[in-house]
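# Per-entry structural report
Each chain, written out:
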Amino acid sequence: MNAITATIVGYCLITVLLWGTALQLFVTLKGQKRRAEEH
Amino acid sequence: MTLLRKPVILAYWLVAAVLFFGTMGIVFFWTPEESTMGVIQKIFYFHLPVAINTFLACATVFAAAIGYLLTRDAWWDDLAAASAKIAVLLATGTLLTGMLWAHGAWGVWWTWSPRLTFSFMLWLLYVVYLLVRSSIDSPQRRAVVSAVYGLVAFLDVPLVYLSARLLPDIHPGNIALAPEMKLTLAACFVPITLVAFGLMLTQFEVYRRNRAIARQHESEEQTHAFPLKLKVSAA
């Protein structure tokens, strides 16, 4: 893997890790809200 | 979220996203390349803030553990659990970006140098923290065991920090940076800290709601079971 590819992969990794987790948490929160309203 | 209003939360994440991708642009298109390592050194601008935020998340677990042991309030336990989860996520990011940087700079993906070993131990300690939590059924027992474990696990944080300074290590302890590089590094700290703090708060909110739902279910079960108990005792 050359240096430019490795650098881009590094930034993509951090982006996916952080924003992917944020998305997963928002979906979980929304699900909790919906279930509370249905209840 | 119950604590904050929706527009405030949206604005927070929007600012975090703009700064996150904005600083990424600064790293790639404005910051000069380091003379010896070349372009691979640019990983450093996100690697270091993610690592520092890992320490902050671990420190939050430590503080929350003390809070729980002093007050026995579940609020602290939820905060510790949320922080530990984000600490694992950030430590994973630190290790992966570090490995990419190591491969470019040293020619190997991994070496058992003191800092790398203590960093791997830190990741492992907080993964085990989450496993320990999920393996205990009783909420009170889980909170006490996790709090004690959280206190002990934090001992690895100063070891990670000091290892490259006090022991012979291939990992740099201090890096001399040009003014533009220092500015970029300072700028990168802002979005990474905003996202890490936002994730911790959101995860905390998820755990608070889970606890509220569990309490509601418990009280419903009790109200359903109570008339039955009356009938049984009457018979």
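Residues numbered from 1 in each chain as written. Chains lettered and ligands numbered in written order. Predicted model: local features only at pLDDT ≥ 70, side-chain atom pairs only at ≥ 80, totals over all residues.

What follows concerns the overall build of chain A. Regarding its fold elements, chain A presents one helix and zero strands. Considered along the principal axes of its C-alpha atoms, chain A spans approximately 55 × 10 × 5 Å. For chain A, with 39 residues in total, the buried portion stands at 18%. (Helix = DSSP H or I, 4+ residues; strand = E, 2+ residues; numbered from the N terminus. Buried ≥ 20, exposed ≤ 12 C-beta atoms within 10 Å, placed from the backbone.)

Taken together, the contacts link 23 residues of chain B with 18 residues of chain A. Those elements that provide at least two residues to the side of chain B that touches chain A are helix H2 (44–71), helix H3 (74–105) and helix H7 (179–234) of chain B. By residue number, the principal contributor to the side of chain B that touches chain A is H3(B), which donates eight residues. (Contact = placed C-beta atoms within 7 Å.)

All names here are of chain B. Contact pair H2 / helix H5 (residues 139–153): the axes reach a minimum separation of 8 Å and the direction vectors enclose 135 degrees. Classed by the angle they form, the pair H2 and H5 counts as oblique. Crossing hand, H2 versus H5: left-handed. In this structure, H2 contributes Val61, Phe62, Ala65, Tyr68 and Leu69 to the contact, and H5 contributes Ala143, Ala147, Gly150 and Leu151. Among the residues making up the contact of H2 with H5, the classes are represented as eight nonpolar, one polar and no charged. (Axes fitted to C-alpha atoms, helices over the stretch in contact; angles between N-to-C directions. Parallel < 35°, antiparallel > 145°, perpendicular 65-115°, else oblique. Left-handed = near helix turned anticlockwise from the far one by under 90°. Nonpolar A, V, L, I, M, F, W, Y, C, P; charged D, E, K, R; others polar.)

With that out of the way, let us pick up unusual backbone geometry. Comment: phi is negative for the bulk of residues other than glycine, and the bulk of peptide bonds are trans. Look at Arg72(B): it is not a glycine, yet its phi comes out positive at around 60 degrees. Relative to the elements of secondary structure, Arg72(B) occurs in the loop between H2 and H3.

Bringing helix H1 (residues 6–29) of chain B into the picture now. When the terminal C-alpha atoms of H1(B) are compared, their 34 Å separation across 24 residues agrees well with the 34 Å that a helix rising 1.5 Å per residue should span. Every buried residue belonging to H1(B) is among Ala16(B), Phe20(B), Thr23(B) and Val27(B), and all of these are buried. (Expected span 1.5 Å × (residues − 1).)

Turning our eyes to something else, we now look at helix H4 (residues 114–135) of chain B. Residue and element names in this part refer to chain B. Between its terminal C-alpha atoms H4 stretches 31 Å, which fits the 32 Å expected from 22 residues at 1.5 Å a residue. Among the residues of H4, those classed as buried are Arg115, Leu116, Phe118, Ser119, Leu122, Leu125, Tyr126 and Tyr129. Check the buried side of H4 and you find it contacts H3, H5 and helix H6 (156–166).

Attention now goes to the confidence of the model for chain B. Residues and elements named next belong to chain B. Mean pLDDT over chain B stands at 91; residues scoring 70 or higher make up 94%. Across chain B, H2 holds the top mean pLDDT of 97, while H7 sits lowest at 85. Across the whole predicted complex the pTM is 0.90, and at the interface the ipTM reaches 0.92. (pLDDT = per-residue confidence, 0-100.)

Moving on to the environment of Ala164(B). Residues and elements named next belong to chain B. For Ala164, the position within the fold is in helix H6. Residue Ala164 is classed as buried on the basis of its C-beta count, with 20 C-beta atoms lying within 10 Å. With 50 residues separating them along the chain, Ala164 and Pro114 place their C-alpha atoms 7.0 Å apart.

Take the packing of H3(B) against H4(B) next. Residue and element names in this part refer to chain B. At a minimum axis distance of 9 Å, the contact between H3 and H4 shows a crossing angle of 145 degrees. Here the hand of the crossing between H3 and H4 comes out left-handed. Contact with H3, carried on its side by Ala81, Ala84, Lys85, Ala87, Val88, Ala91, Thr92, Thr94 and Leu95, involves Ser119, Phe120, Leu122, Trp123, Tyr126, Val127, Tyr129, Leu130 and Arg133 of H4 and no other residues of that element. Here the residues of the contact of H3 with H4 sort into 13 nonpolar, three polar and two charged.

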